[in-house]
Amino acid sequence: MAHKFDAKKAEILDSADRRRFLNPDSILKKAGLSRDTIFADLGCGSGYFAIPSSLIVKKVYAIDVQEGMLDIVREKIRVKKLTNIETFLSKESSILLPDNSVDVLFMANVFHELDDRGGILKEAKRILSGRGRMIIIDWKKMEMEMGPPIEERISEDEVISICEDGDFRILERLEAGAYNYMLVFGKSAT
Ligand SMILES: C[S@@+](CC[C@H](N)C(=O)[O-])C[C@H]1O[C@@H](n2cnc3c(N)ncnc32)[C@H](O)[C@@H]1O
């Protein structure tokens with residue numbers, strides 16, 4: 001089983017240092033969101049992206065396999081009195097949302113943690129609307145002082161090849177700072 005980021009260390013995800021090298025506001029700006037967007041943050045962790053995205057879009061689904069992470073998100077929702085975020089405890093290979101219900105499926109530093117990439121890509125296709133986009137941010141596959149060990153990382157080209165096998169097509173390769181890449185995919189037939 002792939003290593004999962006420990007919910008007990010969630011404060012690392014919200015650190016000031018991380019805001020400098022992977023700033024949520026500038027990443028979300030690049031994600032092309034609008035007031036009409038239905039946004040699903042799969043592997044939302046402590047809500048580093050889910051919380052600020054709720055100020056931009058119509059609806060946010062904050063989804064994770066760890067209840068401990070969702071507890072942190074729920075507390076932030078309560079404190080900030082947000083009304084357009086719903087949290088979902090999901091299963092490793094399934095996303096518990098209806099067909100065609102999401103405009104943007106977002107995964108930040110999650111793809112390398114997935115045990116069943118093929119299963120998640122099938123689910124991604126199912127929940128995304130026809131013109132929906134899937135955005136994958138992950139660690140560059142190179143040695144650095146932070147992040148997962150290099151053998152757990154997955155390169156940008158590998159992600160593209162896996163997603164193309166899963167019937168997605170690459171639309172954009174975007175800059176996401178010195179340590180991460182950002183890829184935007186559409187469904188193949190659209
Ligand atoms: C490194 S954390 C990143 C959290 C958040 N996306 C961020 O960038 O701050 C990865 C998260 O993905 C979650 N995760 C891993 N596999 C998952 C899966 N199959 N479905 C949903 N969440 C998953 C983990 O529980 C963890 O909270």
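To start, this report covers the structure provided alongside it. Quantities reported herein were computed from a predicted structural model and do not represent experimental measurements.

Looking at the nonpolar core
Line of reasoning, step 1. Core analysis: the biggest nonpolar cluster contains 30 residues, and I27, F39, F49, F106, I135 and I137 have the highest contact counts within it.
Line of reasoning, step 2. Where this core is concerned, the elements lending two or more residues are α2 (24-30), α3 (50-53), β2 (59-64), α4 (67-80), β4 (102-108), β5 (128-139) and β7 (180-187).
Line of reasoning, step 3. Within the second largest apolar cluster, 28 residues are counted, among which are Y61, V110, I120 and I160.

Re the environment of D138
Line of reasoning, step 1. Summarising the element assignment, D138 is placed in strand β5.
Line of reasoning, step 2. Filtering out sequence-adjacent residues up to four positions away, D138 remains in contact with N109, V110, F111, H112, Y179, N180 and Y181.

A look at the environment of F168
Line of reasoning, step 1. One can find F168 in strand β6 (residues 168-176).
Line of reasoning, step 2. Classification of F168 by relative accessible area gives buried; the value is 1%.
Line of reasoning, step 3. Measuring from C-alpha to C-alpha, the distance between F168 and S188 comes to 4.7 Å, with 20 residues separating the pair along the chain.
Line of reasoning, step 4. Those residues within four positions of F168 in sequence are excluded, and the remaining contacts are L121, A124, K125, L128, M134, C163, F185, G186, K187 and S188.

Regarding the pattern of salt bridges
Line of reasoning, step 1. This structure, assessed with the given rule, holds 13 salt bridges.
Line of reasoning, step 2. Shared partners join several salt bridges into a network, and the residues in it are E67, D71 and R74.

Some remarks on the packing of aromatic side chains
Line of reasoning, step 1. Scanning all chains against the criterion turns up six aromatic pairs.
Line of reasoning, step 2. Linked through ring pairs, F39, Y48, F49 and F106 together constitute an aromatic cluster.

Some words on the sheet that holds β2
Line of reasoning, step 1. A sheet is described by the order of its strands in space; here seven strands give the open sequence β3-β2-β1-β4-β5-β7-β6, paired in mixed fashion. The open sheet has two edge strands with one neighbour each: β3 (85-89) and β6. Taking each pair of neighbouring strands and ignoring which way they run, the sheet shows an average axis angle of 20°.
Line of reasoning, step 2. Alignment of strand β1 (residues 38-42) against β2, held across five bridges, turns out to be parallel. Looking at the pairing, I38 lines up with K59 of β2.
Line of reasoning, step 3. Across the face of the sheet, helix α5 (residues 117-127) comes into contact with β1, β4, β5, β6 and β7 while running at roughly 140° to β5.

Cut-off values and rules
- Chains are numbered independently. Their residues run from 1 in the order of the written sequence.
- Per-residue local features of the predicted model are confined to residues with pLDDT of at least 70, and side-chain atom pairs are confined, for both listing and counting, to 80 or more; whole-chain, interface and lining totals are unaffected and use all residues.
- Just so you know, side-chain values use all the structure's heavy atoms and leave hydrogens and water out.
- What we call a nonpolar core is a set of buried Ala, Val, Leu, Ile, Met, Phe, Trp, Tyr and Cys residues that are connected through their side-chain atoms within 4.5 Å.
- For the exposure calls, accessible area comes from a 1.4 Å probe over protein chains only, and a residue counts as buried if that area is under 20% of its type's maximum, exposed if over 50%, partly exposed in between.
- Here a helix means four or more residues in a row that DSSP labels H or I, a strand means two or more in a row labelled E, and each is numbered from the N terminus.
- Whether two residues are in contact is decided by their heavy atoms: any pair within 4.5 Å suffices.
- We define a salt bridge as a contact between a side-chain nitrogen of Lys or Arg and a carboxyl oxygen of Asp or Glu at a distance within 4 Å.
- Note on ring pairs: Phe, Tyr and Trp rings are taken, using the six-membered ring of Trp, and paired if centres are within 6.5 Å. Classes follow the plane angle, with under 30 degrees stacked, over 60 edge-to-face and the rest tilted.
- Strands are treated as partners if at least two bridges between them are detected by DSSP.
- Axis lines are fitted through C-alpha atoms, for helices just across the contact stretch, and the angle between N-to-C directions can take any value from 0 to 180 degrees.

Shape is all these values report; function is a separate question.
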